[in-house]
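Listed here are the chains, written in short residue letters.
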Amino acid sequence: MGGKRVMGKGGRRAYAALSLVAAGALVLSGCSEGGSKEGSNKDDKENAQRQQSSIDFGDAKASTGPATEVPGAKPGGAVTVLQRDSYAHLDPGQIYVSDEMALSQLIHRGLTGYKATGEDGKKHEVVGDLATDSGTTTDGGKTWKYTLKDGVKWADGSAITATDVRHTFERLFAPFVANGPTFIQQWLADTPGTGYRDLLKDGPYGGKHLPDTVLETPDAKTVVFKFKKAKPDLPYALAMAGYSLVSKAKDTKEKYDKAPMTAGPYKIQEFKSGKSMVLVKNTNWDPKTDPIRHQYIDRFTFAFNKQYEDSTKAILDDSGANATAVSFNNEVDAGNLSKVLADATLKSRTVAGYQPYVGQIDINLTQKEMQDKTVREAIAYALPITPFVRAYGGTAAREVAGGLISPTVSGYNPNFDPFGKKKKPAGDPVKAEELLEKAGKVGLKLTFGYINTPEGQQYSTAMAAGLEKAGFDVQRQEIPAETYYDQVGKVKNNFDIYHTAWGADWPSASTVIPPLYDGRQIQDGAANYSHVNDPKVNADIDKASTITDPIKAAEAWNKINEYIVKDVVSNIPTAYYKQTQIAGSKIGGLVYDDVIGGIDPRRLFVK
Amino acid sequence: MVDGDQEPAAAPEAKVPVGRSPGQLMWLRFKRDRTGVISAYVVLLFFLVGLLAPLIAKLYGNNPYTVYADERPELFDSAGVPVQPNGGISGEFWFGLEPGNGYDVFTKLLYGIRNSLGISLAVTLATVLTGIVLGVAAGYLGGRTDFLISRVIDFLLAIPAQLFFIASMPVVVSLFVSPRDETPVYVRVVALISVQWFLGWMSLGRILRGTSLALREREFIEAAKVSGAPPGRIIRKEILPNVVTPILVQATYMLPNFVTAEAGLSFLGVGLVEPTPDWGQMFSKAATELVMQNDITYMFFPGVSMIIFIVAFNLLGDSVRDAFDPKTAR
Amino acid sequence: MLRFLLRRTLGSLVILVLLTVVAFLLFFGMPRDPALLMCGKTCTPDALANIHRTLGIDKSIPEQFWIFLQGLVAGRDDFAQGPCPAPCFGYSYHTNEQVWSTLMDRLPLTVSLALGATVVFLFVGLGTGMLAAWRRGTLIDKSFTAGSMVLSSMQIYFLGPLALAVLVYQTHLFDEPRYTELTKDPVAWFTGLMIPWVVLSTIFAAQYTRMARSSMIEQLQEEHIRTARAKGMSRRYVFFRYAWRGSLIPIVTILGIDLSSMLGGAIITEYTFGLPGLGHLAVESVQFSDLPLLLGVMLFAAAVILLCNIVVDACYAFIDPRVRLS
């Protein structure tokens, strides 16, 4: 029954003529300027410099509040926080992703924490947060003693006691706590992997507790951790958001994840999962007990589902509420990045720095063809890194990597670059082809599993083109973004190569090398994505784990890193992740904190 | 063929003596319609360009698969935006370079046109065939066949087409996936053709059902029946020649719709994917922040070429319809 | 009339049930296991089976289908997330929200988008179309019809990004499209949807210009119009009293189709402008293999299509008494 279209002939000729005119007008308005000329990234290099110095463990004096005032700060005002993802977890025990970690800086408190010792977010020391100091050990790290400060309280006014601390760690063994870090549990149980749960099967809920030989709470203020092996990194681990304290009286198990009891300077007034959140001042927080945090802003209003483009555009707009808008975790999107950096006034509202992640192409050693080292070397030479850098917005967002240790982690060596990626980021197909011919594997089929996002599609196509120049037959296989890590995390997966990224949990490579490259950790879902199981690596890991001197340990870890990249060739470093974040013009105290890996929310104020 | 050009333009139908078939008459009328002829040339040009894309690309010296951002890094900034103004248009890259991986826009467009038109042509052929078979069968056979086919049409028309496409494309593609090899391009092509065909034939089917329903009652069909011709022969020899007009007219309206629908699917990311060039995929690239903020020139190449194609095809469709059926034109 | 409506409604219900069957089968062919998404980092086969059980996808497909149909009519309370009143489409795998409330949450945007655009393109399209028909053969006619030819050949996925790039990013004349509830802030509602409306209307109005013009011209050649003119009624009177009424029939038909496709979620439009309406929801549900959500959007859109068809058929009777409902 479609409408009939009737046209006079004269009319039609006219359209034809006018169509041309209209099309011409369109073309005229379609002129554009070229791409940006890039400035230097000296700041970031300096960032890297400072990272190599290790972080001190602070004493009681350093752990005493209040925190040093932020210059020019004044109290009052409301801030809008635009975030891409809603917070899936608010229960400290379940927190292990960076957005939730950033939020927990405002609401949760742990035994220790990182205190910025400068105004630029680059120097830190680990101090006591709820504890009086960063921890004392008399036997080289097997026994650690913490004492709670006087006058520390939950948001409801009740006191924080050693019972809460005991409860916090005991509930981590309960089956429903499945998303947080597992370091301390494994240390207490002295087992790698998921076997630690056997130590206290249902957590504290069945009335059972950890024995005093593992965790001792002699009085209401004292906690003693006892490990079988020396754990010199405990003060770092305790500073993770995932080990913030949980109130025993208010523990609601699974429901705690949406409405936790808090102790930080802010408390949750309202949380609508997927939509919004409001934080208001916690009047029971005493600045005198807190060397780390401030409480300048009256109110944080969070809006979720703001993609990077959305938050960037809103903040660029800078009118009304947007002038006091910020995002803790969204970065300036790749499309706007060069424009923002080219404009001096816009650039002054940004902060930039490294994220803890290092990208790498994992070569799946379970696959038969990949067990030939010459083939792996050919891949390493052929692989272009530029597609990866491009897809995420250029050198301001990704820096071509030489090794697997990030510039933010002690032991980073800027001169290490065995495959010449820094000089030839687009790959060296000639060298690669020679190697492939030597191996007699020209035309080898290489299955490349890539994450199905616009960026993943873009860089994987160009990487495949680069590998094909060297004589590989690349078969790209898309993997849905939401299950990407599950699929490449399977020991028996069908892919030869895939890209993953890993961030250190604290600025020591002890949170990078063992989980990723220890051959005894290979299992479904584990992070040893390339399934490397090298006896030398395994032995060196065991040796490095026992070194208590941080500087010597860092050196040892870096040696393992260099051995893996250069001699095992199981993982090809791609890039160190960087980001640029932006805030409204009325936001003060804007600093990129390297430990948080983003804007430091604790020191923000409204100008 | 009759030499129509030499006839006076005024009133050729008035010259009684020459006997012409309806097809010849239609051709005559069409040739006199200048807009129609020009549009036909434009449309033809597009198909020719699509057909000859590999040859043109060879002569021109670039191809749509080369990652120029890695081959010629001096032409791009580190985010893959061409450094030169207007998307890097130059004597070497006539339509510039695509922001991102830096594909050559000219050849990408040629190959995109080739792939999109090829797919749409296949969909048109498939839907026309299905429309003829089911439409004529329903109309001519009537009874239970008619009821069944009409209900199927009602049902399919109630399905939200675009939603169905995006939901079913991954399913159809996954039916063919091998664990070690890349999903071959032909799998996506077949999937694209089949989902569009599945929901594309109903309008033509309905029209043909109506036409053959009317034809069934006409005397010449009755006569054929009485003279003992089998139904197959009646359909082939008597019905089909009489439904050619609506088929041609409908097909010229359907094809541009399939082109835009296919492009829409690729725009949404469920059609052809990089690095296979496709018209719609170029639009999805054009809609990224990278292009909108840094290189707006890029979006005009797929945009303007598609407008010209659709306008020309619609004008051609009108001319074809007028040529067949001069009454409605005035 | 009532019998007609009743029959059409029953027919539509049958179609909806059939559609549910098809959609169900289709989505169980989906290549991914939704449970994997919810299983988290430390996923074990046991945990996975447990999630399968809570999602109800450990049962056979016919069984699941039957439960789903029951839920639609009577509601269900066997979900871990809480009770689910009729019409129950279940809970989204991805967001854990009730599908029906999510649909209702997204609907106002889609309706605002569709109705706003309709108002604009009907006024502009019919106005220019009739003007062109009235002034047939003049320059006005020719430029209107030529312009409409070009504009109607444009696609949202070209015109949308172009409008954004030129009007928003380069010249900053307009705001970024965003949706504010009408009841909250009518001004923001209006300014936020302005660009999508204009873009949609540009493309649609052109079609209506062409259609209004041609069907008007066709009407003017009908015998009852000629008779009226022969009896001495003025051209203007005939034009506005009789002819335009008749020309509405094909327009109502197309309007029904356009409205039904927009109200069910204008996928490309919402995707282009990043507006979180029903069409956007559809794309999200495919991305996350969110079966209950996808079923919900699909059935909702189909119901809108069927409803629009019935309304259109009923409209014919009011516009043109000659049309008999058969």
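Right, let's talk about the interface of chain B and chain C for a bit. Each partner contributes residues to the interface: chain B has 39 residues there, and chain C has 39 residues. Both sides together, the interface formed by chain B and chain C hides about 3,400 Å², and carbon and sulfur atoms give 80% of it. Along the contact surface separating chain B from chain C lie 0 salt bridges. Connecting chain B to chain C are 1 residue pair in polar contact (both at pLDDT 80 or more). At the level of elements, helix H6 (143-157), helix H7 (161-174), helix H11 (231-267), helix H12 (279-286), helix H13 (289-294) and helix H14 (300-324) of chain B are the ones that each hand at least two residues to the side of chain B that touches chain C. Among the residues making up the side of chain B that touches chain C, the classes are represented as 27 nonpolar, 8 polar and 4 charged.

Another point: the nonpolar core. Judged by nonpolar contacts, the single largest core of 157 residues is most densely connected at B:Ile166, B:Trp279, B:Met299 and B:Phe309. Aside from chain neighbours lying at most four places away, what touches B:Phe309 is B:Phe46, B:Phe47, B:Leu117, B:Leu255, B:Val259 and B:Trp279. A:Leu435, A:Val474, A:Tyr484 and A:Ala556 belong to the second-largest nonpolar core, a separate cluster that totals 71 residues.

What follows covers the confidence of the model for chain A. Residues and elements named next belong to chain A. In the predicted model, chain A carries a mean pLDDT of 86, and 91% of its residues have values of at least 70. Low confidence marks residues 1-30, where pLDDT is under 50. Its contacts with residues over four positions away, or in another chain, come to 64 contacts. Counted against residues more than four places away or in other chains, residues 37-44, with its pLDDT under 50, gives 12 contacts.

With respect to the secondary-structure elements, B:Leu28 resides in helix H1 (residues 22-32). On the accessibility criterion, B:Leu28 (7% relative accessible area) is buried.

Take the side chain of A:Asp496 next. Structurally, A:Asp496 is set in the loop between helix H14 (484-488) and strand S16 (497-503). Judged by its relative accessible area of 1%, A:Asp496 is buried. A distance of 3.4 Å separates polar atoms of two side chains, one belonging to A:Asp496 and the other to A:Gln367. Setting aside anything within four residues of it in sequence, one finds A:Asp496 in contact with A:Asp362, A:Ile363, A:Asn364, A:Gln367, A:Met370, A:Lys445, A:Leu446, A:Thr447 and B:Arg180.

With that settled, consider unusual backbone geometry. A negative phi angle is the norm for most residues apart from glycine, just as the trans form is the norm for most peptide bonds. B:Pro275 follows B:Glu274 through a cis peptide bond whose omega is 5°. One non-glycine residue, A:Asp190, adopts positive backbone phi at about 55°.

All names here are of chain A. The strand order across the open sheet formed by 3 strands is S1-S4-S3, and the pairing between neighbours is mixed. Here the strands that pair on one side only, and so sit at the sheet edges, are strand S1 (56-57) and strand S3 (112-116). Sheet topology note: the S1/strand S4 (residues 124-128) ladder contains 2 bridges and is parallel. Following the sheet pairing, Asp 56 is matched in S4 by Glu 125.

Before going further, it helps to spend a moment on empty space enclosed by the protein. Residue and element names in this part refer to chain A. A complete count under the given rule lists 5 cavities of 30 Å³ or more for this structure. Considered as a void within the structure, the largest cavity measures approximately 50 Å³ in volume. Going through the elements one at a time, strand S12 (350-363) and S16 are the ones with two or more residues in the lining of the largest cavity. Here the lining of the largest cavity is composed, by residue class, of 8 nonpolar, 2 polar and no charged.

Below, the discussion takes up the packing of aromatic side chains. All names here are of chain A. Counted under the stated rule, the structure contains 59 aromatic pairs over all chains. Taking NZ or CZ as reference, Arg 398 lies 3.7 Å from the ring centre of Tyr 577, over its face. Stacked on the ring of Tyr 450, the Lys or Arg Arg 476 has its end atom at 4.4 Å from the ring centre.

A few words now on the state of the cysteines. Residue and element names in this part refer to chain C. By the definition in use, this model includes 1 disulfide over all chains. At a sulfur-sulfur separation of 2.3 Å, the disulfide partner of Cys 84 is Cys 88. The sign of the S-S torsion, about 110°, decides the handedness of the disulfide formed by Cys 84 and Cys 88: right-handed. Judged by relative accessible area, Cys 84 falls into the buried class, the value being 3%. Here Cys 88 falls in the buried class, since its relative accessible area comes to 1%.

The rules we used
- Residues numbered from 1 in each chain as written.
- Chains lettered and ligands numbered in written order.
- Predicted model: local features only at pLDDT ≥ 70, side-chain atom pairs only at ≥ 80, totals over all residues.
- Heavy atoms only, no water.
- Contact = heavy atoms within 4.5 Å.
- Buried area = accessible area lost by both parts, 1.4 Å probe.
- Salt bridge = Lys/Arg side-chain N within 4 Å of Asp/Glu carboxyl O.
- Polar contact = N/O pair within 3.5 Å; in protein donor to acceptor, adjacent residues only side chain to side chain.
- Helix = DSSP H or I, 4+ residues; strand = E, 2+ residues; numbered from the N terminus.
- Nonpolar A, V, L, I, M, F, W, Y, C, P; charged D, E, K, R; others polar.
- Core = buried A, V, L, I, M, F, W, Y, C linked by side-chain atoms within 4.5 Å.
- Buried < 20%, exposed > 50% of the residue type's maximum accessible area, 1.4 Å probe, protein only.
- pLDDT = per-residue confidence, 0-100.
- Pairing = 2+ DSSP bridges.
- 1 Å grid on protein atoms, 1.4 Å probe; cavity = no way out; pocket = protein on both sides within 12 Å on 5 of 7 lines; lining within 4 Å.
- Points joined across faces, edges and corners; volume = space filled by probe spheres on them.
- Phe/Tyr/Trp six-rings, centres within 6.5 Å; stacked < 30°, edge-to-face > 60°.
- Lys NZ or Arg CZ within 6 Å of the ring centre and 35° of its normal.
- Disulfide = S-S within 2.5 Å.

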